[in-house]
Amino acid sequence: MSGIQYTLREWNEVPAELDWLSRNERTRLNQFRFEKRRRDWLLGRWTAKQALLHLEGMPASDIGRLEIASTVAGAPRPFLDGVRLDTGLSLSHSHARALCVVSHEVRELGCDLELVEARRPSFVETFFTGAELGLVEAADPEFRDTLVTMIWSAKESTLKALGTGLKADTRSIEVTPTEEPVSAGWFVADVVAGTQSFRCFWRRDGQFVLSVSATTSAMSRTRTASSSLATRTASSIMIMQKEQPTAMVSAPVSRA
Ligand SMILES: CC(C)(COP(=O)(O)OP(=O)(O)OC[C@H]1O[C@@H](n2cnc3c(N)ncnc32)[C@H](O)[C@@H]1OP(=O)(O)O)[C@@H](O)C(=O)NCCC(=O)NCCS
């Protein structure tokens, strides 16, 4: 299946029996000292494996063949039978929920799941650029918390797509929401990180904002190298949720 797929899962879906973890993963799990971190990590692995099973068309019983390792910087890397999969993957966990995005076409991608809540002005002043601060100040008060959460989430998604994590200054990434029409609750923002540009898709999901960021260069490579059918599918986000196994959202991935 083409495009970028996302999967949302909740903690109460994670089986108590841990036979779906690889031996390396069980070793890693035993190293966590805090229960919250252990739960977040487990939920992330469970969600990522559900996403991969769907993407690769594998039966649920094959889950033990998958492993989600981590780079030194913390970025997740998927393996099947010990062999690295050439698949883009990113994950996020928040308040007993997890989000994972996977793609065969786009390798440099990141995602984030963020609870919408009121944040102090000092948060925006510390982590946002001057232009972002201006957008927040001009926003309808009812939309302010969503906007702040979305901008923050887009930065985190982009940090993951870059693979840099905590090393980067969040003000080196600038998020500009667009007016482009995208269906099924999705919106688009342009993101600039130094010389690199990204497209960030975001939506409200109950009390959460979820965002998916991917480089525009990865997208244009996909578009020029693909057949017309693949180009069409690669220019959309595929939805994969419990309620909507394969519904498609026509979310354009580039302006071209
Ligand atoms: C990497 C980072 C973006 C993760 O975001 P987070 O909100 O802490 O946590 P999330 O649940 O959204 O994401 C965690 C997942 O990101 C992934 N991740 C971690 N480091 C990563 C990296 N360098 N590249 C790509 N993905 C990474 C991992 O899969 C991790 O889950 P896991 O450890 O269970 O596998 C974050 O730690 C970070 O660097 N933030 C920078 C923002 C900042 O300045 N924060 C401090 C002020 S509040």
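Residues numbered from 1 in each chain as written. Predicted model: local features only at pLDDT ≥ 70, side-chain atom pairs only at ≥ 80, totals over all residues.

Engineer: Now, about the overall build of the chain: what can you tell me, with residues and values included?
Structural biologist: Across its full length, the chain carries seven helices and 13 strands. Burial status across the chain gives 38% buried among its 256 residues. Within the chain, counting contacts between residues at least 6 apart in sequence, those at least 24 apart form 56% of the total. (Helix = DSSP H or I, 4+ residues; strand = E, 2+ residues; numbered from the N terminus. Buried ≥ 20, exposed ≤ 12 C-beta atoms within 10 Å, placed from the backbone. Contact = placed C-beta atoms within 7 Å.)

Engineer: Got a sec to walk through the sheet that holds strand E4 (residues 83-84)? Specific residues and values, please.
Structural biologist: Taken in spatial order, the three strands make up an open sheet running E2-E3-E4, and their pairing is antiparallel. One side of each edge strand has no neighbouring strand; the edge strands of this open sheet are strand E2 (66-70) and E4. Taken together, the two bridges between strand E3 (residues 76-80) and E4 define a ladder with antiparallel strand orientation. Of the residues in E4, the one forming a bridge with leucine 80 is valine 83. Strands E2 and E3 of the sheet are contacted by helix H2 (residues 35-56), whose axis makes an angle of about 125 degrees with E2. (Pairing = 2+ DSSP bridges. Axes fitted to C-alpha atoms, helices over the stretch in contact; angles between N-to-C directions.)

Engineer: Could you give an account of the packing of helix H4 (residues 130-138) against helix H5 (residues 141-162), naming the residues involved and the relevant values?
Structural biologist: The geometry of a pair of packed helices is captured by two quantities: the angle between their axes and the separation between those axes. Where H4 meets H5, the closest approach of the two axes is 9 Å, and the angle between their N-to-C directions is 160 degrees. It follows from the interaxial angle that H4 and H5 lie roughly antiparallel. Crossing geometry of H4 relative to H5 is assigned as right-handed. Along its contact with H4, which presents Glu132, Leu135 and Val136, the element H5 presents Arg144, Leu147, Val148 and Ile151. (Parallel < 35°, antiparallel > 145°, perpendicular 65-115°, else oblique. Left-handed = near helix turned anticlockwise from the far one by under 90°.)

In short, the description is geometric, and any link to function would need to be established separately.
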